[in-house]
Amino acid sequence: MDRGKVVSNALHAQQLGKRYGAHWALRNCNIQLPRGCIAGLVGNNGAGKTTLLHLAAGLLRPSTGSIEVLGTPSHNMAMLLPHIGFVAQECSLYRQFTVSETLIAGRKLNPTWDESLARSLVDRFKLPLKQTIGKLSGGQQALVAIIMALAKDPELLLLDEPFSNIDPLAKHEIGKVIMELAFERSLTILISSHVLADLEALCDYLIILAASQVRLADSIEHIMEQHKLLIGPSESFEAIATAYPVIQASHTGRQSTVLLRTDEAVSHPAWEQQDLALETVVLAYLATRESSWEAHASSILPSFQKEVFS
Ligand SMILES: Nc1ncnc2c1ncn2[C@@H]1O[C@H](COP(=O)(O)OP(=O)(O)OP(=O)(O)O)[C@@H](O)[C@H]1O
């Protein structure tokens, strides 16, 4: 594979699905992950995050649809393997190897191995070179796994809940390293996490999965522009709900709070726009039930035409 080849999407999933027996772990998944972005993957337990990452890493075959990574079908492992770094949820290092032996294996197995990066990161995180992996703490093992993936100098880095065992300071440090490398090397990163604050600190793109389907996949900047949180009188809720796609609504007495998704400016004398946090948007999408989502999805199509409410 030619590293210089220009492919605008690092990952392109079309109607991607993965089924185990009768159970869909992921379905109707359409994602175009722009090259060079740092994307967060957030979703409820069992939503399909690990499944999507395994499909991208070529460890699973799709049941339906397709997934291309760096312009190549992801099952073409032989071609893609040198270009992808993958850190699985469970640390997949050899427990009986020392840290030093692990680095040697990395150097021997990876043609693009960056030895000075690996050594400097092991030093920076004070990881004991002579200690076996099995005797490191969970957080130290996770750091070694991330360092191994970074030193491989991949074009796409897939990280499945990489920070869950890492202490806050080390997490901050490794986050900085990841962002610097992403910038310097035009690395594309897809990170799954349940900690939204971690994703907000690192990512410029977000994929929200719920009930095995993509609810939203977009740049965080556009997500924040496109969603509006409004408070207004319950009596005119129907008018606003008819005019704009409502992602979530709650009603207390005579007051309604609505989260809308629209690129248009929303202004109405009776409705006041509130400051919006990314967490509010994420929680709203995670809370949408499968049945109500089908109805939502059709109303959120780009061709949606609003009628001015009055
Ligand atoms: N090997 C398997 N066999 C059968 N079902 C599976 C298998 N792997 C995953 N699943 C199912 O697929 C669904 C998605 O699982 P997945 O691990 O992708 O979710 P997740 O979003 O990563 O969850 P979590 O946040 O809990 O790690 C779940 O319902 C899970 O039970």
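On a predicted model such as this, the values are computed, not experimentally measured, just so you know.

1. Some details on the sheet that holds strand β6 (residues 84–87)
Then comes step 1: Pairing is mixed across the open sheet formed by six strands, whose spatial order is β6-β7-β8-β3-β9-β10. Each of the sheet's edge strands pairs with one partner strand only, and the pair in question is β6 and β10 (213–219). The average undirected angle you get between the axes of adjacent strands in this sheet is 15°.
Then comes step 2: In this structure, strand β9 (residues 205–210) lies alongside β10, joined through six bridges in antiparallel fashion. Across the sheet, I207 pairs through a bridge with A217, a residue of β10.

2. Re helix α3 (residues 99–109)
Then comes step 1: The set of residues buried in α3 consists of V99, T102, L103 and G106. Buried residues of α3, viewed axially, fall in a sector of 100°; they line one side.
Then comes step 2: Along its buried surface, α3 packs onto α4 (115–124) and α5 (138–151).

3. Digging into the domain arrangement of the chain
Interface size is commonly expressed as the accessible surface area that is lost when the partners come together.
Then comes step 1: Taken as a whole, the chain is organised into domain 1 (9–210) and domain 2 (222–299).
Then comes step 2: Once you take the C-alpha centre of each, domain 1 and domain 2 turn out to be 34 Å apart.
Then comes step 3: In this complex, domain 1 contributes 10 residues to the contact, which on the side of domain 2 involves eight residues.
Then comes step 4: Here domain 1 meets domain 2 over a buried area of about 740 Å², counting both sides, of which 74% is carbon and sulfur.
Then comes step 5: For the interface between domain 1 and domain 2, the tally reads zero salt bridges.

Rules used throughout
Residues numbered from 1 in each chain as written. Predicted model: local features only at pLDDT ≥ 70, side-chain atom pairs only at ≥ 80, totals over all residues. Heavy atoms only, no water. Pairing = 2+ DSSP bridges. Helix = DSSP H or I, 4+ residues; strand = E, 2+ residues; numbered from the N terminus. Axes fitted to C-alpha atoms, helices over the stretch in contact; angles between N-to-C directions. Buried < 20%, exposed > 50% of the residue type's maximum accessible area, 1.4 Å probe, protein only. Arc of directions from axis to C-beta. Contact = heavy atoms within 4.5 Å. Domains from an automatic or database assignment. Buried area = accessible area lost by both parts, 1.4 Å probe. Salt bridge = Lys/Arg side-chain N within 4 Å of Asp/Glu carboxyl O.

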